[in-house]
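What follows is each chain in one-letter form.
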Amino acid sequence: MTEEHKASLTVVAMPTDCPTCAAEAEKAGIVVGNGEIAATMEAAVGLEAGAAGAAGVDGQGPWRPKILAFCCYFCAYSAADLAGSMRLQYSPDMRVIEMPCSGKTDIALILEAFEKGADGVYVAGCLEGDCHFLKGNIRAKKRVNGLKKLLDQVGVGGERVEFFNVAGSQGPRFAQIADEMTERILKLGPSPVKKAQRAAYAAAAGGPTAQTNSEVGAK
Amino acid sequence: MSPAAAAFKTDSKLERILSQGDFAVTAEIGPPKSASSKGVRSNAAMMKDVTDGQNLTDNQTAIVRLSSLAASVHVKEAGGEPIMQMVCRDRNRIAMQSDILGAYSLGIRNLVCLSGDHQSFGNQQTAKNVYDIDSIQLINMVRRMRDDHVLLSGEEIKVAPPKMYIGAAANPFADPFEFRVLRLEKKINAGADFIQTQCVFDLERFARFMELVVKRGLDKRVHILAGVTPAKSDKALRYMKTVPGMMVPDSLIERMAKAENKEEEGLNIAVETIKAMRQIPGVHGVHIMAIAWESAVPVIAERAGLLPRPAIREETAQAAPAEGKKTAD
Amino acid sequence: MIVAEQKPIAEIDRLLEGAKKVLIVGCRECVTVCQAGGEKEVNTMASALRLLWATSGRNPGAEILTETLERQCEPEYIEQIVKVAGEVDAILSLACGVGVQYLAERYPVWVVPGLNTKFAGGALEQGVWTEKCGLCGDCILYKTGGICPVIRCSKSILNGPCGGSHNGKCEVNEETDCAWQLIYDRMTKLGKVDRLLEIEPPKDWSKSRDGGPRKVVKEEIRI
Ligand code: SF4
């Protein structure tokens, strides 16, 4: 992970209790409020970029997606660091948010990320059986799978979210996941939430039309 | 109860047959999924001389059919002896008592009290079930209407109480096995006069059940009619095996699968079963449930040596006119 | 507790058609525990609706506000949102049916339910809840070994089990335990199976829902 991959603020919280339960963590006096994460997220993905919208992140060149990765401190985040020190090249479109555990990733938070303009989101947790908090990664995976259905229903599309297992030692796998996800989102085009970008993108690329996705929610 | 009628609880022909110690034969007629009385009447005509009573099912498996009350009247008019079935699924105590009064006024003298199959099996799966009272409470209600001349609430039936011969079901193949006999006893205590069992394929389990029944002396207090169902194919048997509360031994399925003429083999098995059941102490009759194959009933009765049906030996006049006619209500 | 589950989002969308400003109100009691209408679910619902309206173009410009009350079944808590309730044209309650009614009685706006209220029950395991009590108003659990036949038997049989009981399961489906098998097993273990031989008389349903809304009055604490 290079500096630019990092979201402007990382949420480092080491609760003494299971971080999958915010209430417990807060009791222990550790603030891992969604508010902070949300602020980080907003800084990372921003809102629909400008009126022209169809262009890349900085308003030039072809459209580039905004992808957010909620990475567990114990595995994916370390893997990202490792990828950085190994000088691996991977997608410049993703931003990493450090989580105390993948299980801390709230559904509401991911939804908010899409509201704020993310085109794709993924959650990366430890290999199964390796969760520092026993089952945080399993919970996260189940939640993400459930969220796919909800995203289909609200017209965003369930393919825009994914869960991955990565070990801290798997730098190359981390890079591969980042590329995989970027490729997927590039194919899907801008999030249907960003109407202007999507329309421009569809017109330019003949890609998926702005309608296809919005009709999903109308059913 | 007047002294003259003291010997019998009701005017039921089935009661006479069972009381005089004859091996009784009843059979089931499934009312149609239409407003036509034709099938019921022709089945009744076909069965009236080869059976002592004909059960009219009450929206069996929760499929809407011509009502058991109306079908019973058709059977009566066709010369049969209707045994009306009534389930707790569809009516509350008000409707049930009302239908019992109505049925009696129309000449129906036998009533089988059942829980009823759950609506999720039928063609109205979104229905709300009632189950205001259960089958044992229903039995008791009918007995109290007959013997104590009271409605369920305790209010007196001042004239013309319905005098039904009360039937109930027993399922030796449901669980918990040990409790089945005790539950039968509860039904007897509640007022059941006769019992029709679930169809018997597993004779061994049935014999074990009957052994317990006899041990508790229940066969002295109630008439047990063992259920028989002829199957048309091994497929039908296989299906029945999956129905909760039914047991079909694999040997029987194999035998059926091997048979050249499956219908013939189905009849053979039914006849053999009846012959075997007659040897089991405490069995006072058979109840033939030839589902959608009513024409099998006379054949089975004949081959099982159940014909001719005995006559009523007592001097008692046959079915006195309905009480409702005497008292202009 | 009361167990509820969320209505499908498409149905909620229809219920809120044309709304300009919606207040989603959660409840911190039962529906928080069964994760249907607590603060988390309120936030998720708000996001989901915003996304749905953004992608579909329905309810353009609609605004969504959120609140989660301590309880939606007591007037004093309902009162806490008096200000914001006056600003919206629709309220989506994520409480049980009780909460929906309290909100509707108090505020003259369009109040719609976001949940389907299911039953009085408890957790079977994480993420699974089951019905336990039929709220019949005349408890007979002392007769049935602490297992409720009124609601756990598919036919509410009080002198069970029926002829459909099979290998401990109900005739209705393989997942449902036969309540009467459970009752029988427990009474056997307790050495009280003879009690099941008594005929349980018909139930007095006038103590249940059949007399209109029931009331419980505790005189000594009324003010
Ligand atoms: S099988 Fe058991 S639980 Fe199901 S309806 Fe019959 S008695 Fe009730």
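Residues numbered from 1 in each chain as written. Chains lettered and ligands numbered in written order. Predicted model: local features only at pLDDT ≥ 70, side-chain atom pairs only at ≥ 80, totals over all residues. Heavy atoms only, no water.

Some points on the pattern of salt bridges
For the structure on display, the rule yields 47 salt bridges over all chains. Put simply, E162 of chain A and K148 of chain A hold a salt bridge, and the shortest N to O gap is 2.9 Å. Taken together, the residues E162 of chain A in strand β4 (residues 161–165) and K148 of chain A in helix α5 (residues 136–153) connect sequence positions 14 residues apart. We note a salt bridge from R91 of chain B to D58 of chain B, for which the minimum N-O separation is 3.0 Å. In this pair, R91 of chain B sits in the loop between β3 (82–87) and α4 (93–105) while D58 of chain B sits in the loop between β2 (53–56) and α3 (68–77), placing the two residues 33 residues apart along the sequence. Overlapping salt bridges, with partners in common, bring together K9, R143, R144, R146, D147, D148 and D193 of chain B in one network. (Salt bridge = Lys/Arg side-chain N within 4 Å of Asp/Glu carboxyl O. Helix = DSSP H or I, 4+ residues; strand = E, 2+ residues; numbered from the N terminus.)

Notes on the confidence of the model for chain A
As a note on interpretation, predicted positions should not be read in detail where pLDDT is low. Residue and element names in this part refer to chain A. Across chain A, pLDDT averages 78, with 66% of residues at or above 70. When pLDDT is averaged over each helix and strand of chain A, the minimum, 43, is found for helix α8 (residues 210–216) and the maximum, 97, for β4. pLDDT under 50 marks residues 8–32. Its contacts with residues more than four places away, or in other chains, come to 46 contacts. This model gives residues 47–58 a pLDDT under 50, and the stretch forms 29 contacts once residues within four places in sequence are excluded. (pLDDT = per-residue confidence, 0-100. Contact = heavy atoms within 4.5 Å.)

Quick look at the interface of chain A and chain C
Opposite the 21 residues of chain A that make contact, chain C presents 16 residues. Broken down residue by residue, the surface that chain A buries against chain C is led by L111, E115 and V154 of chain A, which jointly contribute 34%. If you look at where chain A meets chain C, you find two salt bridges. Between E115 of chain A and R50 of chain C there is a salt bridge whose closest N-O contact spans 2.4 Å. On the surface where chain A and chain C come into contact, there are four residue pairs in polar contact (both at pLDDT 80 or more). Those elements that provide at least two residues to the side of chain A that touches chain C are α4 (107–116) and α5 of chain A. Element by element, the count of residues in the side of chain A that touches chain C is highest for α4 of chain A, at six residues. Of the residues belonging to the side of chain A that touches chain C, the class tally is eleven nonpolar, four polar and six charged. (Buried area = accessible area lost by both parts, 1.4 Å probe. Polar contact = N/O pair within 3.5 Å; in protein donor to acceptor, adjacent residues only side chain to side chain. Nonpolar A, V, L, I, M, F, W, Y, C, P; charged D, E, K, R; others polar.)

Considerations on the sheet that holds β2 of chain B
Residue and element names in this part refer to chain B. Pairing in this closed barrel of eight strands is parallel, and the strands run β1-β2-β3-β4-β5-β6-β7-β8 around the ring. Adjacent strand axes in the sheet meet at a mean angle of 30° when their direction is disregarded. Relative to β3, α4 is tilted by about 175°, and along the sheet it contacts β3 and β4 (110–114). Sheet strands in contact with helix α10 (residues 262–278) are β7 (223–228) and β8 (283–288), and its direction is about 160° off that of β7. (Pairing = 2+ DSSP bridges. Axes fitted to C-alpha atoms, helices over the stretch in contact; angles between N-to-C directions.)

Quick word on the sheet that holds β4 of chain A
All names here are of chain A. Strand order in the open sheet made by the four strands is β2-β1-β3-β4, with parallel pairing throughout. On the outer flanks of this sheet lie β2 (94–99) and β4, each paired with one strand and no other. Each adjacent strand pair in this sheet contributes to an overall mean axis angle of 20°, direction not counted. Summarising the sheet, strand β1 (residues 67–72) and strand β3 (residues 120–125) pair through five bridges and their orientation is parallel. Counted as the bridge partner of I67 is G120 from β3. This element, α4, spans β1, β2, β3 and β4 of the sheet and lies at about 150° to β3.

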